[in-house]
Amino acid sequence: MLDGVVMALILGMMFILGAVFGSFACCQAWRWRYHAKGENDLGQWSVCLHCKKRLHWYDNVPIISWLVLRGRCRYCHGKIGLADFASEIGLAIAFFMLSWAYLVPILQNWNILALHPLFLTLQVAVFVITLILLVILTVLAVYDAKWGELPTVLLFLSVIVGAMVAVLKMYILSLSESGDFEGGALSLAGGVLILAGTCFVIYKASGERLMGGGDWILALALALALSDWWLSLWTIFLANLLGDVVALPKALGKKKHVVYFGPFLVTAFVIVLILGNCLPLLMIAWK
Ligand SMILES: [Zn+2]
């Protein structure tokens, strides 16, 4: 059994871990960019990208430093992008909420689950691999937001990791007596069709103007990880809604402004993943 204090401590640590990984993901996006351009790595990851000054540890604390410095370098006042802050706070919230939805129930039912080691291992694996996927997706979203590209290697990595989540979820369904394996497999296929299919059709139909070739592969990774047609439908709906809200003012302001869809897909996915897992829990808590 798990008491409230221990649970709060675990969730707090997961929040901090998420923030650290958000910061890490942002650095990885920059590193990937430097490698892609054939430029030398910055060597140290704690360097201002404008003045190349080394940052002190206290200027490198995820979330807090950005807020204290108001998104600017202490020395040259060069802007530290909003993407850094968004990925830190986004992953922190995602790690926190998903731990509440996945990890806490596992820990609370540890004694019962320990009687079924395979089931327990699979549940923990889904949780951990989902978090790994979130970090990869954050690198992709930051890269796409900054440079309008989705690195191919990272795209395929996200599909492989998404497929791992799907296989594990289907395996869990096939193990549990109450689980509806065929229904689950149908839902997974439907989700892939809805999410990746829609992006592929828009990509082809618009002659690559509205959507890049990488977007439907990214959507495929998301659909696999969700393994649910209803959540996939919400993701594509929400991604378009977010895209419209952000893109419309820009499109009206500037003549030619290309908006990249990747960050919206990833943001929508994270929101749907959190709500899809936490809303049922909230409903129970409310009653
Ligand atoms: Zn600077």
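Residues numbered from 1 in each chain as written. Predicted model: local features only at pLDDT ≥ 70, side-chain atom pairs only at ≥ 80, totals over all residues. Heavy atoms only, no water.

1. Details of the domain arrangement of the chain
With domains assigned, the chain is organised as domain 1 (1-108) and domain 2 (114-287). Taking only C-alpha atoms, the centre of domain 1 and the centre of domain 2 are 21 Å apart. Opposite the 26 residues of domain 1 that make contact, domain 2 presents 27 residues. Note on domain 1 versus domain 2: buried area summed over both sides is about 2400 Å², and carbon and sulfur give 84% of it. Applying the counting criterion to the domain 1 and domain 2 interface returns two salt bridges. The salt bridge involving Glu149 is made with Arg33; its shortest N-O contact spans 4.0 Å. Those elements that place two or more of their residues in the side of domain 1 that touches domain 2 are α1 (4-36) and α3 (82-108). The greatest single-element share of the side of domain 1 that touches domain 2, amounting to 15 residues, is contributed by α3. Along the lines of polarity and charge, the residues of the side of domain 1 that touches domain 2 split into 21 nonpolar, three polar and two charged. (Domains from an automatic or database assignment. Contact = heavy atoms within 4.5 Å. Buried area = accessible area lost by both parts, 1.4 Å probe. Salt bridge = Lys/Arg side-chain N within 4 Å of Asp/Glu carboxyl O. Helix = DSSP H or I, 4+ residues; strand = E, 2+ residues; numbered from the N terminus. Nonpolar A, V, L, I, M, F, W, Y, C, P; charged D, E, K, R; others polar.)

2. Points about helix α7 (residues 181-205)
For α7, which comprises 25 residues, the first-to-last C-alpha distance of 35 Å matches the rise-based estimate of 36 Å (1.5 Å per residue) to within 8%. The largest bend along α7 reaches roughly 30° and is located at Gly197. Those residues of α7 that sit buried are Gly184, Ser187, Leu188, Gly191, Leu195, Ala196, Cys199 and Tyr203. Looking one or two residues past α7, Gly207 carries a phi angle of roughly 60°, positive in sign. (Expected span 1.5 Å × (residues − 1). Bend = angle between axes of the 7 residues up to and from the residue. Buried < 20%, exposed > 50% of the residue type's maximum accessible area, 1.4 Å probe, protein only.)

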